[in-house]
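# Working through the structure, step by step
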Number of protein chains: 2
Amino acid sequence: MAVNLPALDPAKLFPVAGVELSVAEAGVKKPNRKDVLVIRLDKGNTVAGVFTQNRFCAAPVQIAKRHLDAGVQIRALVVNTGNANAGTGEDGRARALAVCRAVADEIGCEVEQVLPFSTGVILEPLPADKIVAALPTRRAAGWADAAEAIMTTDTLPKAASRRVEIDGHTVTVTGIAKGSGMIHPNMATMLGYLATDAAITRPLLQQLVKEVADQSFNCVTVDGDTSTNDSFMLISTGKSELPLISEANDAYQAVKAALLEVAVELAQAMARDGEGATKFITVTVEGGRSRDECKAVAYAIAKSPLVKTAFFASDPNLGRILAAIGYAGVTDLDVDRLELYLGDVLVARDGGRNPEYKEEDGQRVMNEAEITVRVVLGRGEAAATVWTCDFSYDYVRINADYRS
Amino acid sequence: MAVNLPALDPAKLFPVAGVELSVAEAGVKKPNRKDVLVIRLDKGNTVAGVFTQNRFCAAPVQIAKRHLDAGVQIRALVVNTGNANAGTGEDGRARALAVCRAVADEIGCEVEQVLPFSTGVILEPLPADKIVAALPTRRAAGWADAAEAIMTTDTLPKAASRRVEIDGHTVTVTGIAKGSGMIHPNMATMLGYLATDAAITRPLLQQLVKEVADQSFNCVTVDGDTSTNDSFMLISTGKSELPLISEANDAYQAVKAALLEVAVELAQAMARDGEGATKFITVTVEGGRSRDECKAVAYAIAKSPLVKTAFFASDPNLGRILAAIGYAGVTDLDVDRLELYLGDVLVARDGGRNPEYKEEDGQRVMNEAEITVRVVLGRGEAAATVWTCDFSYDYVRINADYRS
């Protein structure tokens with residue numbers, strides 16, 4: 001029951017020249033569902049990524065990082081759902097490599113030129129043999145199919161696409177993502193893959209992947225509070241006519257803007273499809289001394305189970321938001337300077353309830369499916385925005401039943 | 001549906017000489033329920049407390065701290081439920097003081113000699129007039145009655161008591177507490193009041209209240225992640241025959257041990273009665289370099305909604321525990337040295353699943369109502385324990401319905 005998340009229209013997802021997608025049903029966890037995606041790349045591409053900070057980072061994450069660091073030309077990414085291959089030690093790495101090797105043999109490249117990704121249950125051996133056996137059975141796919149193949153508890157596939165004109169050349173950006181549990185603090189794995197046909201040097205692409213992640217996917221998850229498998233990959237195929245971008249010039253900014261639009265749409269889609277979500281919530285914190293402290297306050301609100309259950313109940317129990325602001329760790333916060341808005345309604349100021357605030361005004365905003373919480377800290381110029389959802393019975397049901 | 005939390009037996013709650021309890025029904029939020037408790041103290045007592053770190057600390061917390069800091073003889077504590085008087089600014093402080101003044105007038109003491117406490121909904125004006133009007137209607141109460149009068153979403157009252165012989169003299173310790181939501185991260189308010197007839201100097205009592213809180217109530221909540229109203233007060237009436245304790249001698253250690261037993265029983269009772277709890281979970285982390293890092297790992301496990309929903313489902317989905325350990329913030333953690341036990345079952349070692357681990361062994365432990373998770377970090381001598389509960393449908397129901 002995702003919040004205002006439309007079904008994908010394959011016609012609106014533009015192919016990216018130099019990227020070839022294919023999917024298979026390997027029966028990793030359950031039969032008869034797409035659970036393997038191969039993203040094959042033409043030569044001449046560059047790839048960059050950011051990965052989970054979790055100390056128990058999964059075997060495929062370790063391998064993907066190592067292969068990226070080797071500096072070789074990447075030729076394929078292979079993604080499976082149904083098993084995270086995490087907490088699996090040396091044996092897990094061997095299984096991830098076995099999958100890479102099978103893909104590499106098919107392409108005729110080195111194993112280091114293939115990047116593996118997994119998502120699903122932790123601490124169970126990856127059935128690499130099933131995945132390898134299914135590789136020859138896979139069929140060509142579009143981005144919508146690809147988005148479906150990487151879903152776990154997502155209720156809808158997530159993809160977004162843009163075509164922009166830059167210096168007279170058409171540039172395409174298309175991406176897919178999965179992840180719905182993660183919008184609550186700790187959680188289910190987020191995977192994101194964005195491809196553009198713009199040509200971008202590897203160092204610049206590495207800078208870009210961090211900047212884009214920081215303003216999109218990292219606004220629905222918590223730095224450090226990442227799952228064992230979180231990964232976000234940026235692919236530049238260089239097939240557009242736009243000349244190679246090797247510095248942060250206007251073309252770079254234009255490509256970045258397009259990438260960011262796609263990434264933000266995908267990140268918001270994750271919150272809209274949060275496990276059990278009935279409301280999409282935007283938390284904006286302004287007037288802070290730094291972006292970090294604004295993010296800390298925004299996350300304290302967005303993560304609070306008490307706040308999130310109140311949203312589920314459409315209950316303007318706004319004291320819970322104030323309490324969350326109070327424990328966000330801004331130790332010298334002057335609560336008397338703070339303003340709290342629910343939608344357009346000024347709820348609290350001068351350290352307490354706004355005397356003009358009426359419960360029915362709060363209730364009106366609470367009844368909506370999309371709600372903005374705005375906090376003005378009154379101590380600086382920085383700001384940050386976080387997207388989240390409410391916290392419902394279904395969150396518990398989904399996570400209590402996940403393995404069964 | 002508290003986990004193994006028996007109903008109170010008033011006969012096992014020993015009175016503390018010098019403490020006089022009384023309760024009233026003021027109708028603060030709902031009619032016909034005990035919602036005001038007055039703890040009246042004879043002269044000659046000492047009182048010390050620890051309070052929430054929340055920047056939005058409630059009006060009564062501000063007043064109680066100010067009165068304690070004034071160094072005057074405390075003569076009464078007055079507690080109401082149904083309204084937290086938090087986020088209420090200057091008007092909230094005036095209302096808290098009005099309640100103190102009414103109690104002080106009755107006793108014939110100064111307003112600074114009365115400490116106010118409130119718990120309940122945030123951001124609404126305290127109906128101080130109702131409380132003041134109800135004061136003359138209150139009736140003498142025992143500790144069990146007192147424990148009932150401070151309940152909010154608690155399903156059972158919480159009290160504990162000990163009598164010990166120290167240097168040939170009988171010393172009594174009796175306490176009450178409320179708080180059930182707080183065992184999930186961000187919480188309902190926790191209030192705790194422990195009284196002993198041992199005579200202890202104020203500086204020593206202040207040291208004691210911190211030490212006891214750190215090893216009891218602070219093991220079910222998160223430092224800094226406290227509600228607007230959390231308070232834990234220690235009362236020493238000095239009515240026992242044991243000579244005044246003015247240094248940390250053997251008598252001090254014996255009193256501390258008795259206080260700690262009572263406080264731990266109350267703290268565990270809060271986790272047993274956690275909102276929606278069906279299981280009582282003890283998380284012990286050993287072999288850390290510091291108590292702080294052990295606590296961080298224990299809290300990461302105890303707070304994870306994914307871990308807690310798996311406990312609710314009795315699902316040995318133990319990878320979720322490993323993932324929580326991985327994001328606990330111990331950045332140089334070597335996961336290959338770590339051991340994870342569920343009850344007596346070794347689940348993970350060498351960075352992955354224990355080869356001898358069988359799902360049915362994990363399932364056997366998961367089916368129990370009381371479960372211990374033990375993590376051995378393998379990098380030092382420090383340890384920490386945290387108590388929590390599972391995360392059920394009822395948590396959502398309780399917190400979505402709280403105001404209605």
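Everything numeric in this text was worked out from a predicted model, so none of it was measured.

Conventions and cut-offs
- Residues numbered from 1 in each chain as written.
- Chains lettered and ligands numbered in written order.
- Predicted model: local features only at pLDDT ≥ 70, side-chain atom pairs only at ≥ 80, totals over all residues.
- Heavy atoms only, no water.
- Buried < 20%, exposed > 50% of the residue type's maximum accessible area, 1.4 Å probe, protein only.
- Helix = DSSP H or I, 4+ residues; strand = E, 2+ residues; numbered from the N terminus.
- Pairing = 2+ DSSP bridges.
- Axes fitted to C-alpha atoms, helices over the stretch in contact; angles between N-to-C directions.
- Parallel < 35°, antiparallel > 145°, perpendicular 65-115°, else oblique.
- Left-handed = near helix turned anticlockwise from the far one by under 90°.
- Contact = heavy atoms within 4.5 Å.
- Nonpolar A, V, L, I, M, F, W, Y, C, P; charged D, E, K, R; others polar.
- Buried area = accessible area lost by both parts, 1.4 Å probe.
- Salt bridge = Lys/Arg side-chain N within 4 Å of Asp/Glu carboxyl O.
- Polar contact = N/O pair within 3.5 Å; in protein donor to acceptor, adjacent residues only side chain to side chain.
- Least-squares fit on C-alpha atoms with pLDDT ≥ 70 in both.
- Phe/Tyr/Trp six-rings, centres within 6.5 Å; stacked < 30°, edge-to-face > 60°.
- Lys NZ or Arg CZ within 6 Å of the ring centre and 35° of its normal.
- Domains from an automatic or database assignment.
- Lys, Arg positive; Asp, Glu negative; His and termini not counted.
- pLDDT = per-residue confidence, 0-100.

Attention shifts here to the pairing of strand E11 (residues 280-288) of chain A. All names here are of chain A. Within E11, eight of the nine residues are buried, which leaves the element mostly enclosed by the surrounding structure. In this structure, E11 lies alongside strand E16 (residues 382-389), joined through eight bridges in antiparallel fashion. By the bridge assignment for E16, Ile-281 is matched with Thr-388.

Residues and elements named next belong to chain B. One can describe the packing of helix H8 (residues 305-312) onto helix H9 (residues 319-326) by two numbers: an axis separation of 9 Å at closest approach and a directional angle of 160 degrees. One finds that H8 runs roughly antiparallel with respect to H9. Here H8 runs over H9; the crossing is left-handed. Across the interface between the two elements, Leu-306, Val-307, Thr-309, Ala-310 and Phe-311 of H8 pack against Arg-320, Ile-321 and Ala-324 of H9. Residue composition of the contact of H8 with H9, grouped by class: six nonpolar, one polar and one charged.

Take the interface of chain A and chain B next. The partner chain B presents 58 residues to the 57 residues of chain A that form the contact. Regarding the contact of chain A and chain B, the summed buried area is about 4,800 Å², with carbon and sulfur atoms giving 61% of it. One can count zero salt bridges joining chain A with chain B. One can count 12 residue pairs in polar contact (both at pLDDT 80 or more) joining chain A with chain B. Of all the secondary structure elements, the ones that give two or more residues to the side of chain A that touches chain B are helix H8 (305-312), helix H9 (319-326), strand E14 (352-353) and helix H11 (393-401) of chain A. In terms of residue class, the side of chain A that touches chain B is built from 27 nonpolar, 19 polar and 11 charged.

Our next topic: the sheet that holds E14(A). All names here are of chain A. Ordered by their spatial adjacency, six strands build an open sheet running E14-E13-E12-E15-E11-E16, and the pairing between neighbours is mixed. Two strands close off the open sheet at either side, each with one partner strand: E14 and E16. Helix H6 (residues 250-272) contacts E11, strand E15 (370-376) and E16 of the sheet and is inclined by roughly 45 degrees relative to E16.

With that settled, the discussion passes to the relation of the copies chain A and chain B. For the match of chain A to chain B, the screw axis carries a shift of 0.0 Å, the RMSD comes to 0.0 Å, and the turn is 180 degrees. A rotation of that kind, with that shift, is consistent with a two-fold axis. The rotation axis passes nearest to the C-alpha of Tyr393(A) in chain A, at a distance of 2.8 Å. Most of the interface of chain A is mirrored in chain B, where 100% of its interface residues are also at the interface.

Turning our eyes to something else, we now look at H9(B). Among the eight residues of H9(B), eight are classified as buried, and the element is accordingly described as predominantly covered. Gly319(B), Arg320(B), Ile321(B), Leu322(B), Ala323(B), Ala324(B), Ile325(B) and Gly326(B) are the residues of H9(B) that are buried.

Here the focus is the sheet that holds strand E14 (residues 352-353) of chain B. Residues and elements named next belong to chain B. With mixed pairing, the six strands of this open sheet are ordered in space as E14-E13-E12-E15-E11-E16. The open sheet has two edge strands with one neighbour each: E14 and strand E16 (382-389). Bridge count for strand E11 (residues 280-288) against E16 is seven bridges, and the pairing is antiparallel. Contacts from helix H7 (residues 291-303) reach E11, strand E15 (370-376) and E16 within the one sheet, and its direction differs from that of E16 by about 25 degrees.

We describe a pair of aromatic rings using the distance from one ring centre to the other and the angle between the two ring planes. By the definition in use, this model includes five aromatic pairs over all chains. Both rings, one in Phe117(A) and one in Tyr193(A), keep their centres 5.2 Å apart while their planes meet at 85 degrees; by these two values the pair is edge-to-face. Within this pair, whereas Phe117(A) is found in strand E5 (residues 114-121), its partner Tyr193(A) is found in strand E9 (residues 191-196), the two being separated by 76 residues in sequence. The aromatic ring of Phe280(B) is capped on one face by Arg272(B), whose charged end is 4.0 Å from the ring centroid.

A few words on the domain arrangement of chain A. How large an interface is tends to be reported as the accessible area lost when its parts come together. According to the domain assignment, chain A contains domain 1 (10-272) and domain 2 (280-401). Distance between the C-alpha centres of domain 1 of chain A and domain 2 of chain A: 32 Å.

Residue and element names in this part refer to chain A. Bridge count between strand E12 (residues 339-342) and E15: four bridges; the pairing is antiparallel. Across the sheet, the residue bridging to Leu-340 is Val-375, located in E15. Across three bridges, the pairing between E12 and strand E13 (residues 345-349) is antiparallel. Of the residues in E13, the one forming a bridge with Tyr-341 is Leu-346. Once E12 ends, the chain turns through two residues before running back antiparallel as E13, passing Gly-343 with a positive phi of about 60 degrees.

Our focus in this paragraph is the side chain of Asp35(B). Residues and elements named next belong to chain B. In this structure, Asp-35 sits in the loop between strand E1 (19-24) and strand E2 (36-41). One buried charge, Asp-35, has no salt-bridge partner; the nearest side chain with opposite charge is Arg-33, at 5.9 Å. Within the local environment of Asp-35, its side chain forms a polar contact with the backbone nitrogen of Gly-27, the two atoms lying 3.0 Å apart. A distance of 2.8 Å separates a polar atom in the side chain of Asp-35 from the backbone nitrogen of Val-28. Dropping the residues within four chain positions of it, Asp-35 is found in contact with Ala-24, Glu-25, Ala-26, Gly-27, Val-28, Lys-29, Lys-30, Val-79, Asn-80, Thr-81 and Ala-149.

With 95% of its residues at a pLDDT of at least 70, chain A reaches an overall mean of 91. This stretch, residues 182-187 of chain A, has a pLDDT under 50; its non-local contacts, to residues over four places away or in other chains, come to 33 contacts.

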